[in-house]
Amino acid sequence: MTSAKLAAQLIDLLKRQKKIVTTVESCTGGLIAGAITGISGSSEVFEQGFITYSNAAKTALVYVPEALLKAYGAVSIEVAASMAEGALTTAGADIALSVTGIAGPTGGSAEKPVGMVCFGLSYLDIEKQRLTLAQVRQFGDIGREAVRQASVEHALQWAIDTLSA
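Since the model is a prediction, treat every value here as computed from it, not as a measurement. Position numbers for residues start from 1 in each chain and track the written sequence from start to end. Reporting of local features is limited, given that this is a predicted model, to residues whose pLDDT is at least 70; pairs of side-chain atoms are given and counted only at 80 or more, and all residues count toward the totals for whole chains, interfaces and linings. The basis for every side-chain value is the complete set of heavy atoms in the structure, and neither hydrogens nor water enter the calculation.

## Examining the pairing of strand S1 (residues 21–25)
Counting buried positions along S1 gives five out of five residues, so the element sits mostly inside the fold. Classification of residues uses two cut-offs on accessible area relative to the type maximum, computed with a 1.4 Å probe and protein chains only: under 20% is buried, over 50% is exposed, and between them is partly exposed. Labels follow the DSSP assignment, with helices taken as runs of H or I lasting at least four residues and strands as runs of E lasting at least two, numbered in each case from the N terminus. What you see with S1 is no split at all: Val21, Thr23 and Glu25 on one side and Thr22 and Val24 on the other are buried throughout. When DSSP finds two or more bridges between two strands, those strands count as paired. Here four bridges tie S1 to strand S2 (residues 46–51), and the two strands are oriented parallel to one another. The partner of Thr23 across the bridge, within S2, is Gly49. For crossovers, right-handed means that the path from the first strand over the helix to the second runs clockwise, given strands pointing away from the viewer. Read from S1 through helix H2 (residues 31–37) to S2, the crossover connection turns out right-handed.

This is the structure we're talking about:
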């Protein structure tokens, strides 16, 4: 499904549940927020997003601890989870999506190859308790734009699946 269709589906779900979403993005550079805000009516469910391309921005904007970045690196499920938690708190949202990865064509290593993307999802449950999930996807060396687009689609689908559960 295209990112526009997924964004429209997420917006509809958020409206029905009366929830606000925020995003915190590194390798996608705002594409998730762009997909959401590209849909008319998105202002009912989206107020702000964060582009935290550098480690300094991750720390300054969504309070990812420097020690976490040093221990695991920016592309890690630990940092993805921390990004989502920080965005959830900073934005005062009900759900936060984060993404950090290696879109390529450079920057990969044997341990963290091009196409490796880490996702975080932090949300408030019915009792307003924060729950945080994180996962990694290996999209492969499919080209920079393809990795970024696959990341947007995955993040939107994950949010839909989580909110629908």
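## As for the packing of helix H3 (residues 55–62) against helix H5 (residues 77–91)
Where H3 contacts H5, the two axes come as close as 9 Å, and the packing angle between them is 35°. Where H3 abuts H5, its residues Lys58, Leu61 and Val62 lie against Val79, Ser82, Met83, Gly86, Ala87 and Thr90. By residue class, the composition of the contact of H3 with H5 is five nonpolar, three polar and one charged. Inter-axis angles, ranging from 0 to 180 degrees, are taken between N-to-C directions of lines fitted to C-alpha atoms, where helices are fitted over the stretch in contact. We call two residues in contact whenever any of their non-hydrogen atoms come within 4.5 Å of each other. Residues were grouped as follows: Ala, Val, Leu, Ile, Met, Phe, Trp, Tyr, Cys and Pro as nonpolar; Asp, Glu, Lys and Arg as charged; and all remaining residues, including Gly, as polar.

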